[in-house]
Every structure is written in C-alpha cells, then in structure tokens.
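Summary of structural features
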Amino acid sequence: LVACTHHITRARDVAAEYLFNLIMSFSSLMCDLQLLYAILDFLTLLHHEFTDEYSTMYNFHSECTGIMLQLTDNYKVPNNILGKL
C-alpha cells in the first residue's frame, strides 16, 4: 500500500497493480478491519496532500494505523495516485 506512493513512477504503477490484483483475487481481504482502516487512512493522508497544493510537508504519519508516507514535492503525484486507486 505504501509503495503506491514511491517517487519512481514505474514502482508506483507496479505496486498499485499488485494491490489491485490482490484485492480482486481475494476480495474477502476487504473484510479485514486492519486493512480497511489502513486503506482509508492512506487515502485520507493522500487527500490531505492533494487539497493543499502549497504545502511544504512531504512526510505524513498516521497515529491511527502507523502508516508513514513520503511524497515527492511534485503536486501532481498525489493526484495521479488518487486517480489510479
């Protein structure tokens, strides 16, 4: 999940494709509350970055799930990630 925010585009694409295939193959994974909370928390962190174009923060940490994201300084990257997920 965190690899979907990698600074290399190809790595992001492979991670997103892997995550998609994993969830499509084992849809019961979405019943796991830890995974569901992690996905929702991940999307919340990305949305925060996406809504603040002029933010100088590139490292995000969630207290709820412990997810740490390191995003590039390119504003378009979170938008692309959200679009693919």
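Within every chain, residues take consecutive numbers counted from 1 along the sequence as written. Owing to the predicted nature of the model, reporting of local features is limited to residues with pLDDT of at least 70; listing and counting of side-chain atom pairs is limited to 80 or more, with chain, interface and lining totals taken over all residues. In computing side-chain properties, one takes all heavy atoms of the structure into account and sets aside hydrogens as well as water.

Some thoughts on the overall build of the protein
Just so we agree on the cut-off: Numbering of helices and strands runs from the N terminus, with a helix taken as a DSSP run of H or I at least four residues long and a strand as a DSSP run of E at least two residues long. In this scheme, a residue with accessible area under 20% of its type's maximum is buried, one over 50% is exposed, and one in between is partly exposed, where area comes from a 1.4 Å probe on protein chains only. Two residues form a contact once any of their heavy atoms are found within 4.5 Å. Using a 1.4 Å probe, the Shrake-Rupley method yields the accessible areas, and only the shown protein chains count as cover for residues.
For the protein, the helix and strand inventory stands at 3 helices and 2 strands. In the protein, the succession of helices and strands from N to C terminus is α-α-β-β-α. Of all 85 residues assigned to the protein, the portion counted as buried reaches 28%. A sequence separation of at least 24 residues applies to 50% of the contacts in the protein between residues at least 6 apart. Surface accessibility of the protein: about 5,900 Å² in total, with carbon and sulfur atoms responsible for 59%.

What about helix H1 (residues 9-25)?
This is how the line gets drawn: Helix span, as expected, comes to 1.5 Å for every residue beyond the first. Note: the arc covers the axis-to-C-beta directions of the helix.
For H1, with 17 residues, the first-to-last C-alpha span of 24 Å sits near the 24 Å given by 1.5 Å per residue. All of the buried residues in H1 are Arg12, Ala15, Ala16, Leu19 and Ile23. Axial view of H1: buried residues confined to an arc of 95°, hence all on one face. Exposed side chains of H1 directed beyond 90 degrees from the buried face belong to Arg10, Tyr18, Met24 and Ser25.

Section: the nonpolar core
We apply this condition: Among the buried residues, those of types Ala, Val, Leu, Ile, Met, Phe, Trp, Tyr and Cys that are joined through side-chain atoms within 4.5 Å form a nonpolar core.
By size, the foremost hydrophobic cluster in this structure holds 16 residues, and its most contacted members are Cys4, Phe42, Leu45, Leu46, Phe60, Ile67 and Leu69. Counting only elements with at least two residues in this core, the list comes to H1, helix H2 (33-51) and helix H3 (76-84). Here the element with the most residues in this core is H2; it accounts for 5 residues. Look past the residues within four positions of isoleucine 67 in its chain and what remains in contact with it is Leu1, Val2, Ala38, Phe42, Leu45, Phe60, His61 and Ser62.

Some remarks on the side chain of arginine 12
Which entries qualify depends on this criterion: His is not counted here, nor are the chain ends, while Lys and Arg score as positive and Asp and Glu score as negative. By salt bridge we mean one thing: a side-chain nitrogen of Lys or Arg within 4 Å of a carboxyl oxygen of Asp or Glu. By the criterion applied in these results, polar contacts are pairs of N or O atoms within 3.5 Å in which, for protein atoms, one can donate a hydrogen and the other can accept it, and in which residues neighboring in sequence qualify only through two side-chain atoms.
As for its placement among the helices and strands, arginine 12 is situated in helix H1. Nearest to the buried, unbridged arginine 12 among oppositely charged side chains is aspartate 13, at 5.5 Å. A polar contact of 3.1 Å, which involves the side chain of arginine 12, links it to the side chain of threonine 9. Not counting residues within four places of it along the chain, the set of residues in contact with arginine 12 comprises Ala3, Cys4, Thr5, His6, His7, Val77 and Ile81.

Examining a nonpolar patch on the surface
Inclusion rule: In this scheme, patches are assembled from residues that exceed 30% relative accessible area and form no salt bridge. Like charges are connected within 9 Å, while nonpolar side chains (Val, Leu, Ile, Met, Phe, Trp, Tyr) are connected within 5 Å.
A cluster of nonpolar side chains, contributed by Tyr18, Leu22 and Phe26, occupies part of the molecular surface with about 330 Å² of accessible area. Residue classification places leucine 22 among the partly exposed residues on the basis of a relative accessible area of 30%.

With respect to the environment of leucine 19
Following the sequence through the fold, leucine 19 ends up in helix H1. The sequence separation of leucine 19 and alanine 3 amounts to 16 residues, and the corresponding C-alpha distance is 9.7 Å.

Details of the confidence of the model for the protein
Our working definition: One confidence number per residue, pLDDT, is output by the predictor and ranges from 0 to 100.
Across the protein, the average pLDDT comes to 77, with 80% of residues at 70 or higher. Within the protein, H3 has the poorest average pLDDT of any element, 71, and H1 the best, 87.

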